[in-house]
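Breakdown of the fold
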Amino acid sequence: MKKTGLTVFLALFTALASAQTTLVQELERDVPGKGQIRIERDVRLDSLIGKVSQLQSGTKIKAIGYRVQVFAGNNTRASKERANEVDKYIRSHYPDLPVHTEFRNPRWRCTVGDFLYYEEAFETLRKLRKETPYKGMIILRNQEITVPL
């Protein structure tokens, strides 16, 4: 009876321990078409290296990056309504693109995207100029953005 309980406990413990992979194991994972990485190390180092958990996979961090400004108006009610119209249009036609509508004294702005690199923002700018009725768009630098970890 005690041996069965111990065996079940060890099996459960092994299953839980293998649910989280280490960073090294994640790097050494074989991905077809992407090559292989092999790291020579003492296996005892694995316990010292951080674990990659499922909880961290959806985490977002703040960074400094770029956004595309689609609309900028003054501080009137008409500008607020126009900014909200642009927001609604972009959200309906580009659901995967984050849209930010905000009032920064003295104007209403509608910006799209959270880009770490200028090239990504530029591609989005070109695409939006081509496919939307809004032509006076610019790229804003040094914006506080959120990106997935």
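Everything that follows concerns the structure shown earlier in this document.
The following refers to the structure shown. (Residues numbered from 1 in each chain as written. Predicted model: local features only at pLDDT ≥ 70, side-chain atom pairs only at ≥ 80, totals over all residues. Heavy atoms only, no water.)

**As for the pairing of strand β4 (residues 99-104)**
It is a general feature of regular strands that their side chains alternate between the two faces of the sheet. So the rule is basically this: The rule for pairing is simple: two strands pair if DSSP sees at least two bridges between them. Helix and strand definitions here come from DSSP, where helices need a minimum of 4 consecutive H or I residues and strands a minimum of 2 consecutive E residues; each element is numbered from the N-terminal end.
As paired strands, β4 and strand β5 (residues 107-115) are joined by six bridges and run antiparallel to one another. What sits directly across from Phe103, in β5, is Trp108. With antiparallel pairing between neighbouring strands as the criterion, β4 and β5 make up a hairpin whose turn holds two residues.

**Focus: the sheet that holds β5**
Within a sheet, each strand pairs with its neighbour through backbone hydrogen bonds, oriented either parallel or antiparallel. Quick note on the threshold: For every element, the axis is a line fit to its C-alpha atoms; helices are fit only across the contacting stretch, and the angle between N-to-C directions ranges from 0 to 180 degrees.
Strand order in the open sheet formed by four strands is β4-β5-β3-β6, and the pairing between neighbours is antiparallel. Single-partner strands in this sheet number two, and they are β4 and β6 (138-148). Across the sheet, the mean angle separating the axes of adjacent strands is 40° when strand polarity is ignored. Here strand β3 (residues 60-72) pairs with β5 via five bridges, running antiparallel.

**Points about the nonpolar core**
The condition is simple: Among buried residues, those of type Ala, Val, Leu, Ile, Met, Phe, Trp, Tyr and Cys that are joined through side-chain atoms within 4.5 Å constitute a nonpolar core. Each residue is placed in one exposure class: buried if its accessible area under a 1.4 Å probe, protein chains only, is under 20% of its type's maximum, exposed if it is over 50%, and partly exposed if it falls in between. What makes two residues a contact is simply this: any of their non-hydrogen atoms within 4.5 Å.
By size, the foremost hydrophobic cluster in this structure holds 20 residues, and its most contacted members are Val68, Val70, Val86, Ile90, Val112, Leu128 and Met137. Of all the secondary-structure elements, those providing two or more residues to this core are β3, α3 (77-93), β5 and α4 (118-131). Those residues in contact with Val112 that lie beyond four places of it in its chain are Arg67, Val68, Val70, Ile90, Leu97, Pro98, Val99 and Leu128.

**Here's the deal with the packing of aromatic side chains**
So the rule is basically this: Each Phe, Tyr or Trp ring (for Trp, its six-membered ring) is paired with any other whose centre lies within 6.5 Å, and the angle between the two planes then decides the class: stacked below 30 degrees, edge-to-face above 60, tilted in between.
Tallying each qualifying case throughout the model produces four aromatic pairs. Seen in terms of ring centroids, Tyr89 and Tyr134 are 5.5 Å apart; in terms of plane orientation they differ by 85°. Their pairing is edge-to-face. Of the two residues, Tyr89 sits in helix α3 while Tyr134 sits in the loop between α4 and β6, which places them 45 residues apart along the sequence. Tyr89 gets classed as partly exposed once you look at its relative accessible area, which sits at 23%.

**Here we look at α4**
Each α-helix turn comprises 3.6 residues. Residues three or four places apart therefore point the same way. How we decide: Multiplying 1.5 Å by the helix residue count minus one yields the expected span of that helix. This arc is built from the directions going out from the helix axis to the C-beta atoms.
The first and last C-alpha atoms of α4 sit 20 Å apart over 14 residues, in line with the 20 Å expected at 1.5 Å per residue. When α4 is considered as a whole, its buried residues turn out to be Ala121, Thr124, Leu125 and Leu128. One side of α4 carries all its buried residues, which in axial view fall inside an arc of 105°. Among the exposed residues of α4, those oriented more than 90 degrees off its buried face are Glu119 and Lys130.

**Considering the pattern of salt bridges**
What counts is decided by this rule: Take a side-chain nitrogen of Lys or Arg and a carboxyl oxygen of Asp or Glu: if they are within 4 Å of each other, that pair is a salt bridge.
Counted according to the given criterion, the structure contains seven salt bridges. Across the pair Asp114 and Arg67 runs a salt bridge whose closest N-O atoms are separated by 3.0 Å. Of this pair, Asp114 sits in strand β5 while Arg67 sits in strand β3; the two residues are 47 residues apart in sequence, bridging distant segments of the chain. Under the relative-accessibility criterion, Arg67 is labelled buried at 8%. Between Asp87 and Arg91 there is a salt bridge, and its shortest N-O distance comes to 2.6 Å. One end of the pair is Asp87 and the other is Arg91, both in helix α3 and four residues apart, which spans about a single turn. Overall, the relative accessible area of 12% leaves Asp87 in the buried class.

Fair warning: the whole summary comes from geometry, so function is off the table for now.
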